[in-house]
Amino acid sequence: LRKSGSIGVPFPDVEAKLVALEPGPTGKFAEVAQGQDGELALRGPQVMIGYWNKPDETANVKDADGWLYTGDIAKMDEDGYFYIVDRKKDLIIASGYNIVPREVEEVLFMHPKVQEAVVVGIPHPVRGETVKAYVVLKDGQAATADDIVSFCKQNLAAYKVPTMVEFRSELPKSMVGKFLRRVLLEEEKQKMGIK
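Residues numbered from 1 in each chain as written. Predicted model: local features only at pLDDT ≥ 70, side-chain atom pairs only at ≥ 80, totals over all residues. Heavy atoms only, no water.

## Side note on the environment of Ile49
The condition is simple: Helix and strand definitions here come from DSSP, where helices need a minimum of 4 consecutive H or I residues and strands a minimum of 2 consecutive E residues; each element is numbered from the N-terminal end. Relative accessibility under 20% of the residue-type maximum defines a buried residue, over 50% an exposed one, and the middle range a partly exposed one, all with a 1.4 Å probe and only protein chains included.
Looking at the element boundaries, Ile49 is found in the loop between β2 (38-43) and α1 (55-61). Overall, the relative accessible area of 78% leaves Ile49 in the exposed class. Sequence spacing of Ile49 and Val61 is 12 residues, and the spatial spacing of their C-alpha atoms is 11 Å.

## Some points on the side chain of Ser6
What counts here: Polar contact is defined as a pair of N or O atoms within 3.5 Å, subject to the rule that within protein one atom must be able to donate a hydrogen and the other to accept it, and that residues adjacent in sequence are counted only when both atoms are side-chain atoms. Note on contacts: a residue pair qualifies if any of its non-hydrogen atoms lie within 4.5 Å across the two residues.
Residue position: Ser6 is located in the segment before β1 (15-19). For Ser6, the side chain forms a polar contact with the main-chain nitrogen of Gly8, separated by 2.7 Å. The contacts of Ser6, once residues within four sequence positions are left out, are Tyr81, Phe82 and Tyr83.

## What about the sheet that holds strand β7 (residues 114-124)?
Note the cut-off: If DSSP finds at least two bridges between two strands, the strands pair. Every axis in this analysis is a line fitted to C-alpha atoms, fitted for helices over the stretch in contact. Angles between the N-to-C directions lie between 0 and 180 degrees.
The strand order across the open sheet built from 3 strands is β7-β8-β9, with neighbouring strands paired in mixed fashion. The sheet is open, and its two borders are formed by β7 and β9 (164-167), each paired with just one other strand. Looking at each pair of strands side by side, their axes are set apart by 25° on average, direction ignored. By the bridge criterion, 4 bridges tie strand β8 (residues 128-137) to β9 in an arrangement that is parallel. Note on β9: the bridge partner recorded for Val135 is Phe167.

## Some words on unusual backbone geometry
Non-glycine residue Asn53 carries a positive phi angle of around 55°. Mapped onto the fold, Asn53 is located in the loop between β2 and α1. Phi at Ser95 is positive, roughly 55°, even though this residue is not glycine.

## So, helix α2 (residues 101-110)
Put simply, the rule is: Directions pointing from the helix axis toward each C-beta atom define the arc.
Within α2 the residues assigned to the buried category are Pro101, Val104, Glu105, Val107 and Leu108. The buried residues of α2 occupy one face: seen down the axis, they fall within an arc of 160°.

## Comments concerning the side chain of Glu166
Along the polypeptide, Glu166 turns up in strand β9. By relative accessible area, Glu166 is classed as buried at 19%. Within polar-contact distance, the side chain of Glu166 engages the side chain of Arg168 at 2.8 Å. Setting aside residues up to four positions removed in sequence, Glu166 forms contacts with Lys132, Ala133, Tyr134, Val135, Glu188 and Lys191.

## Digging into the sheet that holds β1
In space, the 4 strands of this open sheet follow the order β1-β2-β3-β4, with antiparallel pairing throughout. Edge positions in the sheet fall to β1 and β4 (82-87), since each of these pairs with one other strand and no more. Taken pair by pair, the neighbouring strands of this sheet meet at an average axis angle of 50°, ignoring direction. Of the pairings in the sheet, the one linking β2 to strand β3 (residues 68-76) comprises 4 bridges and is antiparallel in character. Bridged to Leu42 within β3 is Leu68.

## So, the pattern of salt bridges
Note the following rule: The working definition used for a salt bridge is a side-chain nitrogen of Lys or Arg within 4 Å of a carboxyl oxygen of Asp or Glu.
This structure, assessed with the given rule, holds 19 salt bridges. A salt bridge links Glu105 to Arg102; its shortest N-O distance comes to 3.5 Å. Here the residue Glu105 and the residue Arg102 both occupy positions in helix α2, the gap between them amounting to 3 residues, near one helical turn. What makes Glu105 buried here is its relative accessible area of 2%. When salt bridges that share partners are traced, they join Asp86, Asp90, Arg102, Glu105, Glu106 and Arg181 into one network.

Right, dumping it as structure tokens:
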């Protein structure tokens, strides 16, 4: 059985679980409930042993129990099918809240005037990071930053709403058409004089 948008179920002999994006009070990462976002962790004979001659890097992604933390944020449905939501390195942490960029982007895509949108966490002196949306409007459409923010406020928790909106004629993409958040983040850091 295939499900649209799913990466499927684990191979035989491979265990998979989703864990919280932040450790709990004990320093361990608790498993998240079905349907919630979490980091995908895998364990089994097909999973890598570690990085060659790089024990420190291995320790960053693999625990003592053999679980490999992939860096992918995913969710699992009631049938055990997994769906990649985003990458943990793209996670925005604003005022202590974890914000998955893809969730904000999906709301932006619902706006009738938006053609494309990318969300990036940019450095902020008080919040740590803040949500900035880069938006390409559909041909012949006009909107203001306030229009976009107001729409987001109707569809997102307050801490996830972009605090800044920048309109562009196009967004940076890879050869396969994937949006390049890191390019936008580097542009912002240059503007701020951050290396």
